Amino acid sequence: MTSVLDDWLQPRAGGGAGGASDRLSRLRPAAGERRDGEDRADHPDADHPDADHPAALIPTGPQTRFHERVTYGLRTALNAQVPGDLVAVSRMDVLLGPERRARPDVSLVDDLAAADDERICYLAEEVRLVIEVVGPDAGVTDRDVRPRHYAAAGIPHFWRVESSDCRPFVYSFELDADGAGYQVTGVHHTRLAVDAPFPIDIDLVRLPR
């Protein structure tokens, strides 16, 4: 979950995309760099007049049990069905650009990347799917800001999970042909059945808890 102000953050002057090796060399955030979704507690000097983005650093609320159980349930269900070259992980940073990173609720990543227990971040090209469970204080971000960032980074699939009386339903999206944004591929209420990024069939009513 993130602040609606996260889209105000811009790369620092002089930043460049670089190659994969350049990005792998700086998986740990640079001093002063804010991950999408970090709150004020992570930046004790955020109110100082010299802070880079004092207005953008606002606290996010605690997660609900719905958010926690759906995140766990989807990760567990995915890992029960994934082919051998993919792994579903929770709350791991994804590097989206020179100075932008996010922490999706669930990511589906290449198994070679996931096998490295020293990694603290994945490159966007190592990620096949990101999932955001919409929180009460992050609706605009999870429905608009985050998808734009993920699409711009070239992540091919995105799921947005909403709640109806604490019952999850899922919007599935895939990157459009020109890579400019996502197009919806389905709205799934009791059963999530899709063919990509691999054949998936998840009972949303009986998610693992």
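All residue numbers here refer to positions counted from 1 along the written sequence of the relevant chain. Local features in this predicted model are restricted to residues whose pLDDT is 70 or higher, and side-chain atom pairs enter the listing and the counts only when it is 80 or higher, whereas totals over whole chains, interfaces and linings include all residues. Note that water and hydrogens are dropped before the side-chain values are worked out from all heavy atoms of the structure.

1. A word on the confidence of the model for the chain
And step 1. Every residue gets a pLDDT, meaning the predictor's confidence in that residue, from 0 to 100. When pLDDT is averaged along the chain, the result is 80, and 71% of the positions lie at 70 or above.
And step 2. Any two residues whose heavy atoms approach within 4.5 Å at even a single point are treated as in contact. Note that residues 1-19 has pLDDT below 50 and, in this model, 53 contacts with residues that lie over four places away or in other chains.
And step 3. Here residues 38-59 scores under 50 on pLDDT; set against residues more than four positions off or in separate chains, the count is 29 contacts.

2. Quick word on the environment of Tyr182
And step 1. Mapped onto the elements, Tyr182 comes out in strand β9 (residues 182-188).
And step 2. Excluding its chain neighbours within four sequence positions, the residues that come into contact with Tyr182 are Pro147, Tyr150, Ala151, Ile155, Pro156, His157, Phe158, Phe173, Glu174 and Leu175.
And step 3. In the analysis that follows, any N or O atom pair within 3.5 Å is treated as a polar contact, provided that within protein one partner can donate a hydrogen and the other can accept it, and provided that, for residues neighboring in sequence, both atoms belong to side chains. A polar side-chain atom of Tyr182 sits 2.7 Å from the main-chain carbonyl oxygen of Ile155. Here a strand is any run of E in DSSP of at least two residues, a helix any run of H or I of at least four, and the numbering for each starts at the N terminus.

3. Topic: the pattern of salt bridges
And step 1. Any carboxyl oxygen of Asp or Glu that lies within 4 Å of a side-chain nitrogen of Lys or Arg is treated as forming a salt bridge with it. Counted under the stated rule, the structure contains 13 salt bridges.
And step 2. Here Arg91 makes a salt bridge to Asp105, at a shortest N to O gap of 3.4 Å. Note that Arg91 is positioned in the loop between β1 (86-90) and β2 (93-97) and Asp105 in the loop between β3 (100-102) and β4 (106-110), a separation of 14 residues in sequence.
And step 3. Notably, a salt bridge pairs Asp201 with Arg191, separated by 2.7 Å at the nearest N-O pair. Here Arg191 lies in strand β10 (residues 191-194) and Asp201 lies in strand β11 (residues 200-203), a separation of 10 residues in the sequence.
And step 4. Residue burial is assigned from relative accessible area. The probe radius is 1.4 Å, only protein chains are included, and a residue is buried under 20% of its type maximum, exposed over 50%, and partly exposed in between. On the basis of relative accessibility, which here comes to 38%, the residue Asp201 falls in the partly exposed class.

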